[in-house]
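Survey of secondary and tertiary structure
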Amino acid sequence: MSSDPQGRCLQLNIVSVTGLIYQGRARFVSLPAREGEIGVLPQHAPMLTMLRPGNVRIHAESGLVELIYITGGLVDVRPDTVCILSDVAFRTEQSEKLAAQHALAVAEKAMRDGLPIDDIAKAHARLQAELSLLPMPPLVRSRT
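Residues numbered from 1 in each chain as written. Predicted model: local features only at pLDDT ≥ 70, side-chain atom pairs only at ≥ 80, totals over all residues. Heavy atoms only, no water.

**Concerning the overall build of the chain**
Counting its secondary structure elements, the chain contains 2 helices and 7 strands. Taken from N to C terminus, the helices and strands of the chain fall in the order β-β-β-β-β-β-β-α-α. Here the chain, with 144 residues, has 41% of them falling under the buried criterion. Taking contacts inside the chain between residues at least 6 apart in sequence as the whole, the part at least 24 apart equals 53%. Only carbon and sulfur atoms are counted for the fraction: they give 58% of the accessible area of the chain, which is about 8,100 Å². (Helix = DSSP H or I, 4+ residues; strand = E, 2+ residues; numbered from the N terminus. Buried < 20%, exposed > 50% of the residue type's maximum accessible area, 1.4 Å probe, protein only. Contact = heavy atoms within 4.5 Å. Areas by Shrake-Rupley, 256 points an atom, 1.4 Å probe, with all protein chains shown as cover.)

**Some thoughts on the environment of E35**
Here E35 is to be found in the loop between strand 2 (19–33) and strand 3 (36–40). At a separation of 3.4 Å, a polar atom in the side chain of E35 contacts the side chain of T49. (Polar contact = N/O pair within 3.5 Å; in protein donor to acceptor, adjacent residues only side chain to side chain.)

**Considering the nonpolar core**
Grouped together as the largest cluster of nonpolar side chains are 22 residues, with contacts concentrated most on L12, I14 and I84. The set of elements that each furnish at least two residues to this core consists of strand 1 (10–16), strand 2, strand 3, strand 4 (47–60), strand 5 (65–78) and strand 6 (81–85). With 6 residues, the top contributor of residues to this core is strand 2. (Core = buried A, V, L, I, M, F, W, Y, C linked by side-chain atoms within 4.5 Å.)

**Structural notes on the pattern of salt bridges**
The final tally for this structure, using the stated rule, is 3 salt bridges. In this structure, R52 engages E37 in a salt bridge whose closest nitrogen and oxygen atoms are separated by 3.5 Å. Placement of R52 in strand 4 and of E37 in strand 3 is noted, with a sequence separation of 15 residues between them. The buried category is assigned to R52, whose relative accessible area is 13%. (Salt bridge = Lys/Arg side-chain N within 4 Å of Asp/Glu carboxyl O.)

**Looking at the pairing of strand 1**
Taken across its 7 residues, strand 1 has 6 buried, putting it largely inside the fold. When strand 1 meets strand 2, the two strands line up antiparallel, connected through 7 bridges. The residue of strand 2 that forms the bridge with Q11 is R25. A loop of 2 residues connects strand 1 with strand 2, the two strands running antiparallel in sequence. Pairing of strand 1 with strand 6 involves 5 bridges; the strand directions are parallel. Counted as the bridge partner of Q11 is T81 from strand 6. (Pairing = 2+ DSSP bridges.)

**Concerning the pairing of strand 2**
Sheet topology note: the strand 2/strand 4 ladder contains 5 bridges and is antiparallel. Paired with V29 across the two strands is I58, which belongs to strand 4. As defined by bridge partners, strand 2 adjoins strand 3 across 5 bridges and the pair is classed as antiparallel. Bridging across to strand 3, V29 finds its partner in V40. Linking two consecutive strands that pair antiparallel, namely strand 2 and strand 3, is a turn of 2 residues.

**Side note on the environment of I38**
Assignment of secondary structure puts I38 in strand 3. Taking the C-alpha atoms as reference points, I38 and V56, separated by 18 residues in sequence, lie 9.9 Å from one another. Ignoring any residue separated from it by four or fewer positions in sequence, one finds I38 in contact with V29, S30, L31, A33, M47 and T49.

Written out as structure tokens, the structure is:
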């Protein structure tokens with residue numbers, strides 16, 4: 001990793017069980033944490049937290065915004081490094097569609113299982129929140 005003396009970028013690594021999915025420098029990273037969306041800038045306080053399924057938005061050093069869909073996992077944030085560990089991660093333009101399909105499946109299962117009306121309302125609200133996170137249209141196609 002090269003040093004950034006002015007602290008304008010951080011090193012981002014995304015690893016799945018199949019190997020390294022992304023490695024590069026980023027000005028900003030947005031993460032789907034269990035507690036809600038987390039934004040990470042260089043010099044962020046150290047943190048270790050669980051991630052839920054959703055898109056990781058990478059504002060690359062080059063200025064491009066890239067999306068990588070993860071199925072959840074763990075993130076280790078350091079002042080100059082972010083490392084994401086996920087069982088599955090997709091680096092394709094289909095990441096928005098996969099996130100929407102996952103949110104829809106969760107909401108449909110809740111309604112199919114005959115949950116009380118309050119739980120169905122919560123599932124619907126979660127679906128709407130997930131869908132609102134999807135960019136329309138896609139920001140940038142990921143490089144392969």
